[in-house]
Amino acid sequence: MGLNPEIMYDALIRKDSSYEGLFYAAIRTTGIFCRPTCTARKPKPENVEYFTTAREAMMNGYRPCRLCHPLESPGNIPSYIQNLISKIEEDPLVKISDSDLVNMNIEPNRVRRWFKSRHGITFQGYQRMMRINTAWQQLSAGSRVTDAAFDNGYDSLSGFSDAFKYLVGESPSRAGQAKVINMHRFSTPLGPMIACAVEEGICLVEFTDRRMLESELKDLKVRLGANILYGYNKHFAALEKQMREYFEGTRKSFNLPLLTPGSQFQNLVWEHLLKIPYGETRTYKGMALALENKNAVRAVARANGMNRIAIIIPCHRVIGEDGSMTGYSGGISRKRWLIDFEMGNL
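Residues numbered from 1 in each chain as written. Predicted model: local features only at pLDDT ≥ 70, side-chain atom pairs only at ≥ 80, totals over all residues. Heavy atoms only, no water.

The next subject is the side chain of Ser-333. For Ser-333, the location among the structural elements is in helix H14 (residues 332-342). Contact partners of Ser-333, with chain neighbours within four places excluded, come to Ser-18, Tyr-19 and Leu-22. (Helix = DSSP H or I, 4+ residues; strand = E, 2+ residues; numbered from the N terminus. Contact = heavy atoms within 4.5 Å.)

An α-helix turns once every 3.6 residues. As a result, residues three or four positions apart point the same way. Among the residues of helix H11 (residues 264-273), Gln-266, Asn-267, Val-269, Trp-270, His-272 and Leu-273 are the ones counted as buried. Taken together, the buried residues of H11 touch helix H12 (284-290), helix H13 (297-305) and strand E10 (318-319). (Buried < 20%, exposed > 50% of the residue type's maximum accessible area, 1.4 Å probe, protein only.)

Sheets are built from strands paired through backbone hydrogen bonds, the pairs being either parallel or antiparallel. Spatially, four strands are ordered E3-E1-E2-E4 in an open sheet, and the strand pairing comes out mixed. The open sheet terminates on both sides in strands that have one partner only, identified here as strand E3 (48-51) and strand E4 (63-64). Across three bridges, the pairing between strand E1 (residues 24-27) and strand E2 (residues 32-34) is antiparallel. Within the sheet, the bridge partner assigned to Ala-25 lies in E2 and is Cys-34. (Pairing = 2+ DSSP bridges.)

For helix H9 (residues 213-224), built from twelve residues, the straight-helix expectation of 16 Å at 1.5 Å per residue is met to within 8% by its first-to-last C-alpha distance of 16 Å. By the burial criterion, the buried members of H9 are Leu-213, Glu-216, Leu-217, Leu-220 and Leu-224. For H9, the angular spread of the buried residues around the axis is 100°, confining them to a single face. What points out from H9, more than 90 degrees from its buried face, is the exposed set Glu-214, Lys-218 and Val-222. Residues of H9 that are buried make contact with strand E5 (179-186), strand E6 (193-198), strand E7 (201-207) and strand E8 (226-230). (Expected span 1.5 Å × (residues − 1). Arc of directions from axis to C-beta.)

Here four strands make up an open sheet; going across it, the order is E7-E6-E5-E8 and the pairing mixed. Of all the strands in the sheet, the pair left with one neighbour each is E7 and E8. For this sheet the average axis-to-axis angle between neighbouring strands, irrespective of direction, equals 25°. The strands touched by helix H6 (residues 123-140) within the sheet are E5 and E8, with E8 carrying the most contacts at an inclination of about 120°. Along the sheet, H9 makes contact with E5, E6, E7 and E8, crossing E7 at roughly 165°. (Axes fitted to C-alpha atoms, helices over the stretch in contact; angles between N-to-C directions.)

Right, dumping it as structure tokens:
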């Protein structure tokens, strides 16, 4: 499987989310198997064996843990949350209050905690952002400010203007000049990912536990002169479809419009990354030679690390001169898995 027991046990103890989907820990003393991130009391190392798939664990007589639900996809959205999100996507003008949640037999604090931990905002904040996103689209298409305000449930123009300016960075009357980056969260077999897109294309795809994600988002806002709002973007459906096909093993290249703001050298490196074939690797030195600059090894490595569009721009295919799995924003374990997966070693 490419991971030794010491590494996997350490990941299990630390509840390291970057190992989600890479292994399952089966506990001999209890007969259950868990995700790496399970919060249950940790067993002694000699009482754990490891499997690549949940099926293997079950074939060896282990039951799925009731606490971490290892049969569900990592980062999978709970059904009650998915139902709420679907309601809002179908009708962005709907307002779901805490009392509405209670009437649906859903605990409001549970919803609040989920949105806070996954998106950094409350459920009510998420709804407001979706309404403002809808208003921005209407205004950009030529709607009047009064129509956008009242259509989106605001009782006063002043309240709408204040909320719009706070989230978008411009007054409603200047909506046509405001640029918005849409954000979307989706699940993969290696854990949840965040995607960002603008009219021109996809500008970020990262694992949600990437350490520098917050800095990347701030940098993207500055480079594009835009604010970030959760909401619909026409590129997200194709992104999810192609990512799903990639993890199913039926897609070896992506066909998506990308926007990669950065220096001329960075974009040159990213263009070369796109030329590395599926199932093959290159070294940083090899990349520098391909750029006809043998002294640019460190610069290539830095540009590789600054790639914001994981998997699609395949920076995971670049390894050390000695074959080592060096630096990857999504975690070395994911890098190793992606290379093994593409080479047919899983």
